[in-house]
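# Structural characterization, general
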Amino acid sequence: MLSNIYLATINLSGLGQLSGIFKYIIIGIIYVIIFFALGIMYKDLKSGDKKQVRPQSHERSQNQERPQNQERPKQEARVKQQISVGLEVIDPGISKTLKTGSVVPIIREVTIGRKEDNVVVIEEGYVSGHHARIFQRNDNYVLEDLKSTNGTILNGEKIGNKVYIRSGDKIKIGTTLFRVIG
C-alpha cells in the first residue's frame, strides 16, 4: 500500500511540472494577443478618421479604355458633389460666432439657427432656434425655411417653404449673409 501512495505522489509531482509549463505557455499566448490588439489600436488611432484608398491597378494599358456604357458609380459622383458645395459667409452681421470668408461645407444636411444643436449657430435675436436647413435631394440642393419668425431670404426674396439653390445664390438669415459656392 505504501508503494502505491509513493507512486501516486511521483505522478502528481510530474503533473505539477507539466502544469507550470502550461502556465507559462498560456501567459505567453495572452501576451501575444495583447500585443496584437495594441498594434491594431495604434494603427487605428494613427490613421484617425481617414479611410484607406487602394490605388487603381495599372493593369489596363493605354489602349484599353473603359467601355462607354460603364460609368463611375453614382455614389462616387455624389461624394465629389457633396464635398465641393458649401456656404461662404459674406457678412456675419451682428453674429460674433461667424467670420467673413469662412466656409461651411454642405454634406447631406446643414441646419442653421440660434440653438446649439444646429450645424451653423447664429447667436442673434432675428434668428429662430431652428431657422432653416439645406439638404441634398438627388443631385440638387434645397433650402427650406423651418417656419421661422423672420423668414429666410434667397437672392433678396423671402421664401415660402422649400426652394432649390445653386452656386452663386445669396441666403440671408437674420443679419447674416451667405453665398452658395461650388
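Since this is a predicted model, take the numbers as computed values, not measurements.

On the secondary structure map, D145 appears in strand β6 (residues 140-145). For the buried D145, no salt bridge exists, and the shortest N-O distance to an oppositely charged side chain is 7.3 Å, to K158. Polar contacts involving the side chain of D145 include one to the side chain of S148, which spans 2.7 Å. Beyond its immediate chain neighbours, meaning those up to four positions away, D145 contacts H131, A132, G151, T152, I159, G160 and N161.

Glancing now at the packing of aromatic side chains. Counted according to the given criterion, the structure contains zero aromatic pairs. Over the face of the ring belonging to F135 we find R133, whose NZ or CZ atom lies 4.0 Å from the ring centre.

Another aspect to go through is a nonpolar patch on the surface. On the surface, I21, F22, I25, I26, I29, I30, I33, I34, L38 and M41 cluster together into a nonpolar patch covering about 970 Å² of accessible area. Considering the arrangement of structural elements, one finds I34 in helix α1 (residues 2-47). Classification of I34 as partly exposed rests on a relative accessible area of 44%.

Relative to the helices and strands, T152 is located in strand β7 (residues 152-154). When its relative accessible area of 0% is taken as the criterion, T152 is described as buried. Polar contacts involving the side chain of T152 include one to the side chain of D145, which spans 2.5 Å.

Reading guide: rules and limits
- Residues numbered from 1 in each chain as written.
- Predicted model: local features only at pLDDT ≥ 70, side-chain atom pairs only at ≥ 80, totals over all residues.
- Heavy atoms only, no water.
- Helix = DSSP H or I, 4+ residues; strand = E, 2+ residues; numbered from the N terminus.
- Buried < 20%, exposed > 50% of the residue type's maximum accessible area, 1.4 Å probe, protein only.
- Lys, Arg positive; Asp, Glu negative; His and termini not counted.
- Salt bridge = Lys/Arg side-chain N within 4 Å of Asp/Glu carboxyl O.
- Polar contact = N/O pair within 3.5 Å; in protein donor to acceptor, adjacent residues only side chain to side chain.
- Contact = heavy atoms within 4.5 Å.
- Phe/Tyr/Trp six-rings, centres within 6.5 Å; stacked < 30°, edge-to-face > 60°.
- Lys NZ or Arg CZ within 6 Å of the ring centre and 35° of its normal.
- Patch = residues over 30% accessible without salt bridge, like charges linked within 9 Å, V, L, I, M, F, W, Y side chains within 5 Å.
- Areas by Shrake-Rupley, 256 points an atom, 1.4 Å probe, with all protein chains shown as cover.

Distances and angles like these do not, on their own, reveal function.
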